[in-house]
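Observations on chain architecture
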Amino acid sequence: MNDNQIIPKLKERNENAFKELVDTFQEKVLNTCLGFVPNLHDAEDIVQDVFIEVYRSIDKFRGDSKLSTWIYRITTTKCLEHLRAKKRQKRKSFFQSLIGMHENADRIKAYDFNHPGVLLENQERTKILYEAIEKLPENQRVAFTLHKIEGLSYQEITEIMENSLSSVESLMFRAKKNLKKSLGDFYKKNMLG
Amino acid sequence: MKNKKYNIEEEIRKTMDTVENIQRVEGNPYLSTRLNERLHQKNITTHSQIPIWQLAMVFCLFFLNGFALIQSGYFDSESNVAVEETVEENWLVNSEEDDLNYISWND
C-alpha cells in the first residue's frame, strides 16, 4: 500500500492498515532509535511510543510530506525527549547525591550500552564514538545520526529537520569536526595518561 | 611525538569508521500485538477517566448535605432567632454569675 492508500485507512483507525504500517516501518524506527539511544530495551520502548503517537495524531497529518518523513520526525522528537528526560534524571540524582540523598545516584546513567547491531570486537570503539556523539549539540546529533547511522540522504534529512540543504551540510560538517576534536581529546588523555 | 600524533589520528579514524559497521537490527515480531494491547489499555483508561461518575457523586453529596441541613432547620429564621436568644440569655446569666463570683472572691 502506498501513502495515498494507507493514510485514509489509518484515519479510519483500520487495524489492518495500522499493522501494515508497523510492519513496514518498525525496523527503520528501531534502528533510528538505536542510533540515538544505544540500548535495546529503551529503544524498543521509544518505538512503541512512536507508533502510539502515529496512531493518535494521524488526523493531524496533512500530507505535506511523505508518511516516512513524518514518522522519522516523530521518532527523532521522541528520542530527543527521552534523552532530555534521562539528562534531567541524571542532574537530579547528582544534586541529590550532593545533599546526601544518594540512593539512586550511582544507578542512574545516561544509558547502558546494549546495541545488538554492534559486533563484539567493535563494541569498545563504538561506545567511545557514542559518548562523543552524546556531547554534540542536538541538531548536529540529529543530522549525523540520520545520515551516518540510519543512512538517509541529505535531501531526506532536509525534509525531516525542515531545514535547507546548505544548513544540513553545514550541520554535518560541524558534527564531524566536533566529533574528531572530542575523540582527539579522549585519545590524548588516554594514550598520554 | 610525530608517531604519537599519527597514532591518535589513526585511532580517531578507526573509531569514526565503526559507524559504518553497525548492522541493522530486526524488529520485534510481537510489536503489533503489544501496540494493540497498549492502545486498548489507553482506550479503557480514557473511558474511565471521563468524570461523569465522579461528578454525579459530588452532586449527590452536595444534595444530601443540603437536604440534611434543611431537615435540621439550619436555614429556619425562627430557630436561628431562638438560638441567638438562648445564647444571649445564657451569656447574661453566666456573666451575672461571674460578676457575683468576682465580688465574692474580692470579699
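Above this text you will find the structure in question.
In what follows, the accompanying structure is described. Computed from a predicted structure; not experimentally measured. For every chain, the first residue of its written sequence is number 1, and the numbers climb from 1 along that sequence. Here chains are named by letter from A upward and ligands by number from 1 upward, in the order in which they appear as written. Whole-chain, interface and lining totals are the exception, using all residues; otherwise, since this is a predicted model, local features are given only for residues with pLDDT of at least 70 and side-chain atom pairs are given and counted only at 80 or more. Only hydrogens and water are set aside; all other atoms, that is, all heavy atoms of the structure, feed into the side-chain values.

Turning our attention to the packing of aromatic side chains. Residue and element names in this part refer to chain A. Whether two aromatic rings pair depends on their centres lying within 6.5 Å, for rings of Phe, Tyr and Trp, where Trp uses its six-membered ring; planes under 30 degrees apart make the pair stacked, over 60 edge-to-face, and the rest tilted. Throughout the structure, instances matching the rule amount to five aromatic pairs over all chains. Residues Phe61 and Trp70 carry aromatic rings whose centres are separated by 4.9 Å and whose planes lie at 40° to one another, so their mutual orientation is tilted. The rule is simple: take the accessible area with a 1.4 Å probe, protein chains only, and divide by the maximum for that residue type; under 20% is buried, over 50% is exposed, in between is partly exposed. Judged by its relative accessible area of 5%, Phe61 falls in the buried class. Using a relative accessible area of 12% as the deciding quantity, one classes Trp70 as buried. Arranged with centres 5.2 Å apart and planes meeting at 80°, the rings of Phe186 and Tyr187 form a pair that is edge-to-face. According to the relative accessible area criterion, Phe186 is partly exposed, its value standing at 29%. The exposure class of Tyr187 is buried, given its relative accessible area of 6%.

To continue, consider the nonpolar core. Residues and elements named next belong to chain A. Take the buried Ala, Val, Leu, Ile, Met, Phe, Trp, Tyr and Cys residues and link them wherever side-chain atoms come within 4.5 Å; each set so joined is a nonpolar core. Counting residues in hydrophobic clusters, the biggest one holds 64 residues, and the most contacted among them are Leu21, Phe51, Leu67 and Ile71. Working definition: helices are DSSP H or I runs of at least four residues, strands are E runs of at least two. Numbering for both runs from the N terminus. The element contributing the most residues to this core is helix H2 (residues 15–36), with ten residues. For each domain, the first and last residues come from an automatic or database assignment. Counting contributing residues per domain, this core is built from domain 1 (1–86) and domain 2 (118–193), each supplying no fewer than three. Residues count as neighbours in contact if any of their non-hydrogen atoms are within 4.5 Å of one another. Here Leu21 is in contact with Ile6, Leu10, Phe51, Val54, Leu67 and Ile71, once residues within four sequence places are set aside.

Sizing a probe to match a water molecule and rolling it over the atoms shows the empty space that remains. Buried and open spaces are told apart on a 1 Å grid over the protein atoms alone, a cavity being a set of points where a 1.4 Å probe fits but cannot get out and a pocket being an open set with protein on both sides within 12 Å along at least five of seven lines. Residues with an atom within 4 Å of a point are the lining residues. Grid points are joined across faces, edges and corners, and a volume is the space filled by probe spheres set on the points. Taken as a whole, this structure holds two cavities of 30 Å³ or more when the rule is applied. In this structure, the largest cavity spans a volume of roughly 70 Å³. Lining the largest cavity are Gln26(A), Leu30(A), Glu44(A), Val47(A), Gln48(A), Gly27(B), Asn28(B), Leu31(B) and Arg34(B). Broken down by secondary-structure element, the contributors of at least two residues to the lining of the largest cavity are H2 and helix H3 (40–57) of chain A together with helix H2 (31–49) of chain B. With three residues, the single largest contributor to the lining of the largest cavity is H3(A). Just so you know the grouping, Ala, Val, Leu, Ile, Met, Phe, Trp, Tyr, Cys and Pro go in nonpolar, Asp, Glu, Lys and Arg go in charged, and all remaining residues, Gly too, go in polar. Residue classes in the lining of the largest cavity are distributed as three nonpolar, four polar and two charged. Taken together, Phe25(A), Lys28(A), Val29(A), Thr32(A), Ser68(A), Ile71(A), Tyr72(A) and Thr75(A) make up the full set of residues lining the second largest cavity. Within the residue set of the lining of the second largest cavity, elements represented by two or more residues are H2 and helix H4 (67–98) of chain A. Residues belonging to the lining of the second largest cavity are distributed by class as follows: four nonpolar, three polar and one charged.

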